[in-house]
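Descriptive structure summary
What follows is the residue order along each chain.
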Amino acid sequence: MKESQEDIIDNLVSQWHQERPELDAEAMYIVGRILKLGKILEKRAGQALKDSGIYYTDLDVLATLRRSGKPYELTPKELMRSVLITSGAMTALLDRLTRLDLIYRAPDKKDGRIKRAGLTKEGKKVIDKAIEIRFEEANDSVRKLNKAERASLATLLKKMLTELG
């Protein structure tokens, strides 16, 4: 798509200017596009991972365990600080990954009431391949942006996340 072409967000803002001119809809040029991009990017990531046998949410947990370093174990609380899913979904996801033999659950050595999640040998193998696919897809998603544009966008998005998150 050429930059000069109108998109759905241009149309949305234009329609609000027409219907409710007293409202300031300008932020929707950014927020609307971020929301739409989020949906598109998540769908692309899911499609890229479909042959790996895991879902995008699986990747989030497995990647968090993998990048934590040896022994690739974290408590559910530690996992929650680094993933994009809700705590309610976390338990079901950990149970599912355990059934798939991608993670194991073991009592914490310091506090037996806590069950740590850790990567199995198969889980490490799966995430190492899946993360390569994920990074390839992510790079493909931003291929139209040059290095300076990528850096600028990353900085601006970080600024927004820091302020809002």
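Residues numbered from 1 in each chain as written. Predicted model: local features only at pLDDT ≥ 70, side-chain atom pairs only at ≥ 80, totals over all residues. Heavy atoms only, no water.

Before going further, it helps to spend a moment on the domain arrangement of the protein. Each assigned domain of the protein is listed with its residue range as follows: domain 1 (1-50) and domain 2 (52-164). Computed over C-alpha atoms only, the centres of domain 1 and domain 2 are separated by 27 Å. Of the residues lining the interface, nine residues belong to domain 1; the matching set on domain 2 comes to 14 residues. Summing the contributions of domain 1 and of domain 2, the shared interface buries around 940 Å²; its carbon and sulfur component is 66%. On the surface where domain 1 and domain 2 come into contact, there are two salt bridges. Linking domain 1 with domain 2 are five residue pairs in polar contact (both at pLDDT 80 or more), by the criterion used here. Its residues assigned to classes, the side of domain 1 that touches domain 2 shows six nonpolar, no polar and three charged. (Domains from an automatic or database assignment. Contact = heavy atoms within 4.5 Å. Buried area = accessible area lost by both parts, 1.4 Å probe. Salt bridge = Lys/Arg side-chain N within 4 Å of Asp/Glu carboxyl O. Polar contact = N/O pair within 3.5 Å; in protein donor to acceptor, adjacent residues only side chain to side chain. Nonpolar A, V, L, I, M, F, W, Y, C, P; charged D, E, K, R; others polar.)

Next up on the list: the UniProt feature "domain: HTH marR-type" (unreviewed entry) in the protein. As recorded in UniProt, the sites labelled "domain: HTH marR-type" (unreviewed entry) are residues 27-162. Here residues 27-162 is 65% helix and 9% strand, with 17 Å between the C-alpha atoms at its ends. (UniProt positions renumbered as here; feature names shortened; annotations may be inferred. Helix = DSSP H or I, 4+ residues; strand = E, 2+ residues; numbered from the N terminus.)

The next thing to look at is the nonpolar core. Within the largest apolar cluster, 23 residues are counted, with the highest numbers of intra-cluster contacts made by Val61, Leu62, Leu79 and Ile103. The set of elements that each furnish at least two residues to this core consists of α3 (56-67), α5 (87-99), β3 (115-119) and α6 (121-141). Counting residues per element, this core draws most heavily on α3, which supplies five residues. Ignoring sequence-local partners within four residues, the contact set of Leu62 consists of Ile54, Leu97, Leu102, Ile103, Leu119 and Ile127. (Core = buried A, V, L, I, M, F, W, Y, C linked by side-chain atoms within 4.5 Å. Buried < 20%, exposed > 50% of the residue type's maximum accessible area, 1.4 Å probe, protein only.)

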